[in-house]
Amino acid sequence: MKNVMVIIDENNSSYDLLIWVLENQKDTIESSKVFIFAKQPQNSFTPPTVLSSSLGFAQIFYPFSPNAELIKLAQEKKMKIALGILEKAKKIYLNHGIKAETFTDAGDPKDIIPKIVQERNIDLLVMISDQQTQKLKKCLHNTDCSLLLVKKRLG
C-alpha cells in the first residue's frame with residue numbers, strides 16, 4: 001500500500017487540487033493510505049518590531065517587542081484556518097468514499113514537508129505548482145518520494 005499526501009492551503013486552488021486528485025488519481029488513492037496536509041497561512045500577522053515617528057528631517061525609532069499574547073492569538077488564528085480547511089477536505093474525500101488522515105503543522109513548509117515525507121514514508125506527494133513549490137522541490141531531492149505537481153486553473 002502506498003502513502004499519498006495531498007498538500008493544501010487557504011487558496012481556492014486547493015479545492016481544485018482535491019477534486020483533480022479524486023478525478024485523475026482515483027485508482028492510486030483508492031489503493032493507498034491518503035494524508036491531507038494543510039499549510040498554515042503565512043504572514044497573516046507580522047507584528048511590528050520597530051515603531052517610528054517623523055520629526056521634520058529626523059526620525060526617531062522605538063524598539064517594540066510584540067506582546068506574547070498577540071503572537072499567540074495570531075498562531076491560534078492560523079491553526080483555526082488550517083483545521084477548518086482540513087475538515088472541508090476530509091468531508092469531500094469521505095463523500096467520494098476515500099478515508100483520509102488530516103493534519104497541519106506550524107512553520108515553514110520547506111522545512112516541515114520533507115520531515116513529514118520521511119516520518120510517514122510518503123510515496124507520492126501531490127500539490128499545486130507555484131513559486132513555493134520550486135523551493136520545496138529542492139528540499140525533497142533526498143527523499144524517495146515522487147512529486148506530482150498540478151497546474152492552477154486559469155480564470
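Fair warning: this is a prediction, and the values are worked out from it, not measured in the lab.

## Comments concerning the pairing of strand S1 (residues 2-8)
Okay, step 1: The element S1 is largely enclosed, with a buried count of 6 among its 7 residues.
Okay, step 2: Where S1 and strand S2 (residues 32-39) come together, 7 bridges link them in parallel fashion. Bridge pairing in S2 links valine 4 to valine 34.
Okay, step 3: The sheet contact formed by S1 and strand S6 (residues 124-128) spans 3 bridges and is parallel. When the sheet's bridge partners are listed, valine 4 is paired in S6 with leucine 124.

## Side note on the packing of helix H1 (residues 13-24) against helix H3 (residues 68-95)
Okay, step 1: Two elements in contact, H1 and H3, have axes whose closest approach is 11 Å; the angle formed by their N-to-C orientations is 25°. Here H3 runs roughly parallel to H1, going by the angle between their axes. Remark: the crossing between H1 and H3 carries right-handed chirality. Between H1, through Tyr15, Leu18, Ile19, Val21 and Leu22, and H3, the contact on the second element is made entirely by Ala89, Ile92 and Tyr93.
Okay, step 2: Taken together, the residues of the contact of H1 with H3 break down into 8 nonpolar, no polar and no charged.

## Here's the deal with the layout of surface pockets
Okay, step 1: Of the volumes computed, that of the largest pocket is approximately 220 Å³.
Okay, step 2: In terms of lining, the largest pocket is formed by 14 residues, of which the most central are Asp9, Asn11, Tyr15, Ile85 and Lys88.
Okay, step 3: Among the elements that make up the lining of the largest pocket, the one with the highest residue count is H3 (6 residues).
Okay, step 4: By residue class, the composition of the lining of the largest pocket is 7 nonpolar, 4 polar and 3 charged.
Okay, step 5: Lining the second largest pocket are 11 residues, and of these Asp108, Pro109, Lys110, Gln132 and Lys135 sit closest to its centre.
Okay, step 6: Broken down by element, the lining of the second largest pocket gets its largest block of residues, 4 residues, from helix H5 (residues 131-139).
Okay, step 7: Across the lining of the second largest pocket, the residue classes tally to 4 nonpolar, 3 polar and 4 charged.

Each value, and the rule that gives it
- Starting afresh in each chain, residues are numbered from 1 along the sequence in its written order.
- Per-residue local features of the predicted model are confined to residues with pLDDT of at least 70, and side-chain atom pairs are confined, for both listing and counting, to 80 or more; whole-chain, interface and lining totals are unaffected and use all residues.
- To get the side-chain values, take all heavy atoms of the structure and skip hydrogens and water.
- Relative accessibility thresholds used throughout: buried, under 20% of the residue-type maximum; exposed, over 50%; partly exposed, between the two (1.4 Å probe, protein chains only).
- Numbered from the N terminus, helices here are DSSP runs of H or I no shorter than four residues, and strands are runs of E no shorter than two.
- Being paired, for any two strands, means DSSP has found at least two bridges between them.
- Axis geometry follows a simple rule: fit a line to the C-alpha atoms, using only the stretch in contact for helices, then measure angles between N-to-C directions, giving values from 0 to 180 degrees.
- Roughly parallel means an angle under 35 degrees; roughly antiparallel, over 145; roughly perpendicular, 65 to 115; everything else is oblique.
- Note on convention: near helix rotated counterclockwise from far helix by under a right angle means a left-handed crossing. Clockwise means right-handed.
- Should any heavy atoms of two residues lie within 4.5 Å, those residues are considered in contact.
- Three classes are used: nonpolar for Ala, Val, Leu, Ile, Met, Phe, Trp, Tyr, Cys and Pro, charged for Asp, Glu, Lys and Arg, and polar for all others, with Gly counted as polar.
- Definitions used throughout: a 1 Å grid over protein atoms alone; a cavity as a set of points that fits a 1.4 Å probe which cannot get out; a pocket as an open set with protein on both sides within 12 Å along at least five of seven lines; a lining residue as one with an atom within 4 Å of a point.
- Grid points are joined across faces, edges and corners, and a volume is the space filled by probe spheres set on the points.

These values are about where atoms sit, not about what they do.
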